[in-house]
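# Reading the structure
In case you want the letters, here they are:
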Amino acid sequence: VVSVSSSTGPLHLQFDVTSAPLSEFKKYNNHDISGRGSQGDNPNDKMNLPFPSKVTVLSCESKLSVQDLKFTGSASAKIIDIFSGAISKQVTSALNGAVCPLIKSGA
């Protein structure tokens, strides 16, 4: 299990990385990734080194914060900028609600 964390950071991830020798990857997927045919039992062969085969996100906590959101340019931007604090809170909430599901679906 590999953990990336910070007590004050905006994102905490904990994930598990499963590995297998490249030769196992070749065997299960019917691919000759070595370019040289079948592999021997040599422990020094690069094909016997661990290769990440699966990553599972065990936990994810997002504490992103959108601060100092500014709207500029036109008269309507100045009016919208009055509500930038409330808009920042909504954007922060939407980001925090979306980050972990996106990370988990991509892992």
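Overview of the structure. Because the structure is predicted, anything quoted here is derived from the model rather than measured.

Summing up its helical and strand segments, the chain has three helices and three strands in all. Mapped from its N terminus to its C terminus, the chain presents α and β elements in the order β-β-α-β-α-α. For the chain, the proportion of its 107 residues judged to be buried stands at 17%. In the chain, the share of contacts with a sequence separation of at least 24, taken over all contacts with a separation of at least 6, comes to 63%.

Moving on, we get to the state of the cysteines. Using the criterion set out here, one finds one disulfide in the structure. Here C60 connects covalently by a disulfide to C100, the sulfurs 2.0 Å from one another. Taking the sign of the S-S torsion, about -75° here, the bridge from C60 to C100 comes out left-handed. One end of the pair, C60, is in strand β3 (residues 50–62); the other, C100, is in helix α3 (residues 84–106), with 40 residues separating them in the sequence.

With that settled, the discussion passes to the environment of K70. Residue placement: K70 occurs in the loop between β3 and α2 (75–82). With a relative accessible area of 58%, K70 lands in the exposed category. Along the chain, K70 and F83 lie 13 residues apart, while their C-alpha atoms are 9.6 Å from each other.

A grouping of I79, I82 and F83 is seen on the molecular surface, where their side chains present a nonpolar patch of about 350 Å² in accessible area. Topologically, I82 is positioned in helix α2.

Judged by nonpolar contacts, L13, F15, V57, C60 and C100 together constitute the single largest core of five residues. Where this core is concerned, the elements lending two or more residues are β2 (11–21) and β3. Setting aside its immediate chain neighbours within four residues, C100 contacts C60, E61 and S62.

What counts as what
- Residues numbered from 1 in each chain as written.
- Predicted model: local features only at pLDDT ≥ 70, side-chain atom pairs only at ≥ 80, totals over all residues.
- Heavy atoms only, no water.
- Helix = DSSP H or I, 4+ residues; strand = E, 2+ residues; numbered from the N terminus.
- Buried < 20%, exposed > 50% of the residue type's maximum accessible area, 1.4 Å probe, protein only.
- Contact = heavy atoms within 4.5 Å.
- Disulfide = S-S within 2.5 Å.
- Patch = residues over 30% accessible without salt bridge, like charges linked within 9 Å, V, L, I, M, F, W, Y side chains within 5 Å.
- Areas by Shrake-Rupley, 256 points an atom, 1.4 Å probe, with all protein chains shown as cover.
- Salt bridge = Lys/Arg side-chain N within 4 Å of Asp/Glu carboxyl O.
- Core = buried A, V, L, I, M, F, W, Y, C linked by side-chain atoms within 4.5 Å.

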